Amino acid sequence: MSELTRAVVIPSTALTKRKLEVFRELEEMYREILIELVDYGFGNNIDSFTRLKSDKYHELRKRFPQLPSHYIHTACQDASTRIKSFNKLKKNGLAETKRPEVKRISVWLDDHLWRRVGFTGIRVHTHRGWVPVDLVPHKLYWRYINSGWSLRAQPKIRINYKRGRLLVYFVFTRTVSMDESSAKQVISIDVNENNVAVKVLNKICILETGIKRVTVGYARYREAVQSVKSNRHAKRAVHGRERNRKKDIRLKIASIIANTARTLDAVVVLEELPKQCPRSMVRDVGGPVLRHRIYQAGFRGMVKAVEEKCLEKGVPIMRVDPRNTSSICPICNSKLMRGSAPRHLRCPRCGFEAGRDVVATLNLEKRYLALKGPVPLAPMPNDPAPEVAVLPMKEWARRKSLDATNKHELIRMSI
């Protein structure tokens, strides 16, 4: 059993001056409470929600008698989450400040602080009573509403002062039960910096992603932007565009793999990557450019995107240990040697030759099948070698599944 969560941001219609003022006052009081709770919790080494509420609830309730009491309850939850997150970053040496800082806030609501009015409106309990807010739902919102997703009872709200609107952050959940024992086929996935190798039946498709070009290009552009000291907003915009382009590539690849697996009734085999995957990969890398590329490649992000899309479409998944999958012969388990090209490998024992990405997909499938019992593993010495096709982005980016690529001319290569 796995639980999927999706956050959807729904804007409201333009607020009147009175409503905007009410929500602005509510946000300021919530901010003051949250800052005090974070400072108190961190200073006294308290990150428990119940302990924060026990120590500060009555004091804050007396200072803000006009505010509904459940805002103090949700602020304690918010503060506890922030303190735990900061302590985790500090433990891993990733914290940028000495103390947790409250910069941007979203007001947390519980089931006592809001009511849904149909599907296109809500009412929010504020210090000035219940305030109705009309929403402007979009296509994604209706998709989750109409496809069996459950709406959590704790949304968040934030004011968009530039447009004079309220942003409501809804969270949808769905519980998925996966049974991979009934799958008829296996699709193995190997994630690399600049491509994703997918083995489907007796064909291996190497989907070029262009992540390397995006990372290097935006790194150079960012250096040029940073030379202009006053251009602070441009730096943020550059980072946002890079993140959105990479996210778009991951989601498209995840959708193609999930659609293909659902059509073939297959289980998707993914790599079980450690949390600090990039850090371990750059341990012996000295070049700053290559280190930056590895950190920005987003290996775990790609695996997570494929996993979530498969679960969303009811496709079973299985994670296996990827250790040495690209350096061991899938036929005789011997250590592979470098072949005629940098990423080409050959086995000195059985003569098997293939690219690193091809070897990895074969070994991932082999390890999954080994968990199932004494099943014939692919490829075997007498079996035909799988067909390998390299697909540039223009060939796969707009396809719904890998089957659609058969109608287009591919760049083929020998295994």
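As shown above, the structure is provided for reference.
The structure displayed is predicted, hence computed values, not measured ones.

Undergrad: Explain helix H10 (residues 356-372) here, please?
TA: Residue pairs spaced three or four apart in an α-helix point in one direction, given the helix's 3.6 residues per turn. Here H10 spans 25 Å end to end across 17 residues, near enough to the 24 Å set by a 1.5 Å rise per residue. Where burial is concerned, most of H10 is hidden: 12 out of the 17 residues are buried. Among all positions in H10, only Asp-357, Val-358, Val-359, Ala-360, Thr-361, Leu-362, Asn-363, Leu-364, Glu-365, Lys-366, Tyr-368 and Leu-369 are buried.

Undergrad: Whenever I open this one, the pattern of salt bridges confuses me. Can you help?
TA: Opposite charge on two side chains permits them to pair, given that their charged atoms come into close proximity. Counting across every chain of the model gives 20 salt bridges. Note that Arg-128 and Glu-25 form a salt bridge whose closest N and O atoms lie 2.8 Å from each other. Remark: Glu-25 occurs in helix H1 (residues 17-43) and Arg-128 occurs in the loop between strand S4 (121-126) and strand S5 (129-134); sequence separation between them is 103 residues. One salt bridge in this structure joins Arg-319 and Glu-272, with 3.9 Å as the shortest N-O distance. Remark: Glu-272 occurs in the loop between strand S12 (266-271) and helix H7 (277-281) and Arg-319 occurs in strand S13 (residues 317-320); sequence separation between them is 47 residues. Overall, Arg-319 belongs to the partly exposed group, its relative accessible area being 27%. Of the residues examined, Glu-272 reaches a relative accessible area of 41% and is grouped as partly exposed. A single salt-bridge network, built from bridges that share partners, covers Glu-32, Glu-36, Lys-56, Glu-59 and Arg-63.

Undergrad: In this structure, what is going on with the environment of Thr-16? I would like to understand it.
TA: If you trace the backbone, Thr-16 turns up in the loop between strand S1 (2-11) and H1. According to the relative accessible area criterion, Thr-16 is partly exposed, its value standing at 44%. Sequence-wise, Thr-16 and Arg-165 are 149 residues apart; in three dimensions their C-alpha atoms are separated by 9.1 Å.

Undergrad: Got a minute to help me understand the nonpolar core in this structure?
TA: The nonpolar side chains of soluble globular proteins are, as a tendency, buried together. Phe-23, Tyr-71, Ile-157, Phe-170, Ile-189, Val-198 and Val-268 are the most contacted members of the largest nonpolar core, which totals 86 residues. In terms of residue count, H1 provides more of this core than any other element does, 9 residues in total. Residues in contact with Phe-170, not counting those within four places in the same chain, are Arg-6, Ala-7, Val-8, Ile-10, Trp-114, Ile-122, Leu-135, Tyr-141, Leu-151 and Pro-155. In this structure, Ile-204, Ile-206, Leu-336 and Leu-362 belong to the second largest nonpolar core, which totals 14 residues.

Cut-offs applied
Residues numbered from 1 in each chain as written. Predicted model: local features only at pLDDT ≥ 70, side-chain atom pairs only at ≥ 80, totals over all residues. Heavy atoms only, no water. Helix = DSSP H or I, 4+ residues; strand = E, 2+ residues; numbered from the N terminus. Expected span 1.5 Å × (residues − 1). Buried < 20%, exposed > 50% of the residue type's maximum accessible area, 1.4 Å probe, protein only. Salt bridge = Lys/Arg side-chain N within 4 Å of Asp/Glu carboxyl O. Core = buried A, V, L, I, M, F, W, Y, C linked by side-chain atoms within 4.5 Å. Contact = heavy atoms within 4.5 Å.

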